[in-house]
Amino acid sequence: MTFIRTNYLKGFSVLFISLLAACNSDDKNTTSNSSNQKLIDETILSLQNLSLNLVWQENQCDSVYSKVINDANIAEKSALELRAKLNDTNNLSMFLDQQIIPKLTQLTDESTTLRARCNAPDYDGTGVSIERPAMLREMLSEWQGTINLLIHQVNNPPNMNPEIKLASLTNTNITEATSAKSKFKDCSDSFCPEMTVIPSGSFLMGGNIEEQEQQNVPAQSRPYELPQHAVIVEKPFAMSTYETTIAEFQAFQKETGWEVQGCRNWESRDGVFNMWYRDDLNPTNAGMNQTPQDPVVCVRREDGRAFAEWLSKKTGQTYRLPTEVEWEYAARAGTSTAFYWGDDLNLDQACKYANVLDPTTVSALPQTSSWNLFNCTDGYAYTSPVGKFLPNNFGLYDMTANAREWVDDCWHSNYENAPVNNRIWGEENNGQCNFPVLRGGAWIYNTYNARTAYRNAYVTSQARSIMWGFRLVREI
Ligand SMILES: [Ca+2]
């Protein structure tokens, strides 16, 4: 009996100690979970506070950006504190490392640059300047949309390490010896873009005064295209025959869980027809009549880069956004005229080659009636499905108009000391890497902006609009 009792007691003690230990460990988990939850809540609160202050106020550039910088720093501190409590393999850690923390650093960088610009003696907030208040206002709205999406995701982050399945490879052998203008696909899946081989060669990049005069290019944007300079493309490369479509982008989003929300739309507010940011638009629903074969718009440069990285993983090849040199060389396809179909002095040939600003668009958006229109009808009010018009001499479609296209380079406001080969132009020569560069006109753009030489940038990495998409380069 004593034996039984002793053992019973021993057993009970072991059980009791185990229970106690379990309780303690539960306590610890609960404490650590609740302290993590507290840090998550603090991070959310600081992001919410930042979001509230991402609002433009006329003539208050300095104080608006000062507040944003301050609030972004507070939010980043909260995020770093939370990150320090988590281990490296945790999905939330990866979300903090790859999304929240770099985004906050980037917002601070961009705001610091813009704050300095609006206080600079040569600040130009007029006309078509890329720094004009309407652009700064939309920059803040776009960032607000980005921060709001992060707030929404903190409690349930997307899978940061999704499985990327290899595509159905065609194993087409493309080498530097492959004939120029050859078409190929690296995979037979519907998301795999058709590529066109672009030969090596040389060309004159940029515009010239004569063309600018002829086409009535506004004085402010003329220096962007000057000086015209010779460039050598030493090696062939391949470029997407068409702009990246909605269907292709959706395949990428489906497999990776990549989200992008909010987009600038052309609409009138307070009687002003402008690009205004809207929360409800995204690449799947850009708020206009589009088919899955239309170019994807409402995407940022970083969305184009992420799509290229995904396609590279799927195919084992190197896909990326084009450099500016590659883009213009491919768009010119041996021409030196204003458009790749000629100088089009009567502006009546464009509709054979491109979906431009024409009377069809004016009938849907009468606010554009006073703009510089082409004197022909292409039949599309908004974007058109890709490949509906004649290609250029290299066999590429929609290189101008339809969607404008992101390129990979940092923004330089003229071509002084520009690269003389097809390398990417980085932050050297005062390159602004946060400000993404667009090439090619859009379905809703003045005639002079559909010229091959036309280029500009937007003052935020988060820029996205119903005019802007992308196509890719595949290295050979
Ligand atoms: Ca049109």
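It should be emphasised that the depicted structure is a prediction, and the values quoted were computed from it without experimental measurement. Each chain has its residues counted from 1, following the order in which its sequence is written. Where totals are concerned, whole chains, interfaces and linings use all residues; where local detail is concerned, this predicted model gives features only for residues with pLDDT of at least 70, and gives and counts side-chain atom pairs only at 80 or more.

Peer 1: Provide a residue-level description of the sheet that holds strand β10 (residues 432-439), including the pertinent values.
Peer 2: Strand order in this open sheet of 4 strands is β11-β10-β9-β12, and the pairing throughout is mixed. The strands lining the two open edges of the sheet, one partner per strand, are β11 (455-457) and β12 (468-469). Here, strands pair whenever DSSP counts at least two bridges between them. A run of DSSP states H or I qualifies as a helix once it reaches four residues; a run of E qualifies as a strand once it reaches two. Both are numbered from the N-terminal end. The pairing of strand β9 (residues 404-411) with β10 spans 4 bridges and is classified as antiparallel. Directly across from Cys410, in β10, lies its bridge partner Pro436.

Peer 1: Explain the sheet that holds strand β13 (residues 473-474) to me, using residue names and the numbers behind them.
Peer 2: In spatial order, the strands read β1-β2-β5-β13-β8; together these 5 strands make up an open sheet with antiparallel pairing. The sheet terminates laterally at β1 (183-184) and β8 (319-320), the two strands that pair on one side only.

Peer 1: Describe the environment of Ile74, and please don't skip the residues or the numbers.
Peer 2: Inspection of the secondary structure puts Ile74 in helix α2 (residues 61-85). Put simply, Ile74 and Leu149 are 75 residues apart on the chain and 18 Å apart in space, counted from C-alpha to C-alpha.

Peer 1: An account of helix α8 (residues 324-332) is needed here, citing residue identities and associated values.
Peer 2: A large share of α8 lies buried, amounting to 9 of its 9 residues. Counting other C-beta atoms within 10 Å of a residue's C-beta gives its exposure: the residue is buried at 20 or more, exposed at 12 or fewer, and partly exposed in between, where C-beta atoms are placed from the backbone. All of the buried residues along α8 are Glu324, Val325, Glu326, Trp327, Glu328, Tyr329, Ala330, Ala331 and Arg332. Positioned one or two residues after α8, Ala333 has a phi angle of 45°, which is positive.

Peer 1: Residue-level account of unusual backbone geometry, with values.
Peer 2: In the segment running from Leu226 into Pro227, the intervening peptide bond is cis, with an omega of -5°. Summarising the element assignment, Pro227 is placed in the loop between α5 (209-214) and β4 (229-233). Of note in this structure, Cys298 is not a glycine but carries a positive phi near 60°. Within the fold, Cys298 resides in the loop between β7 (272-278) and α7 (301-315). With 27 C-beta atoms packed within 10 Å, Cys298 lands in the buried category.

Peer 1: Could you give me a rundown of the domain arrangement of the protein, with the residues and numbers involved?
Peer 2: If you check the domain split of the protein, you get domain 1 (2-154) and domain 2 (183-474). A pair of residues counts as a contact when their C-beta atoms, built from backbone coordinates, are within 7 Å of each other. Across the boundary between the two partners, domain 1 contributes 21 residues, which contact 21 residues of domain 2. Every element with two or more residues in the side of domain 1 that touches domain 2 is listed here: α3 (91-119) and α4 (133-154). Looking at the side of domain 1 that touches domain 2 element by element, the count peaks at 11 residues for α4. Looking at side-chain class alone, the side of domain 1 that touches domain 2 contains 9 nonpolar, 7 polar and 5 charged residues. Reported domain spans reflect what an automatic or database domain assignment gives. Amino acid classes used here: Ala, Val, Leu, Ile, Met, Phe, Trp, Tyr, Cys and Pro are nonpolar; Asp, Glu, Lys and Arg are charged; the rest, including Gly, are polar.

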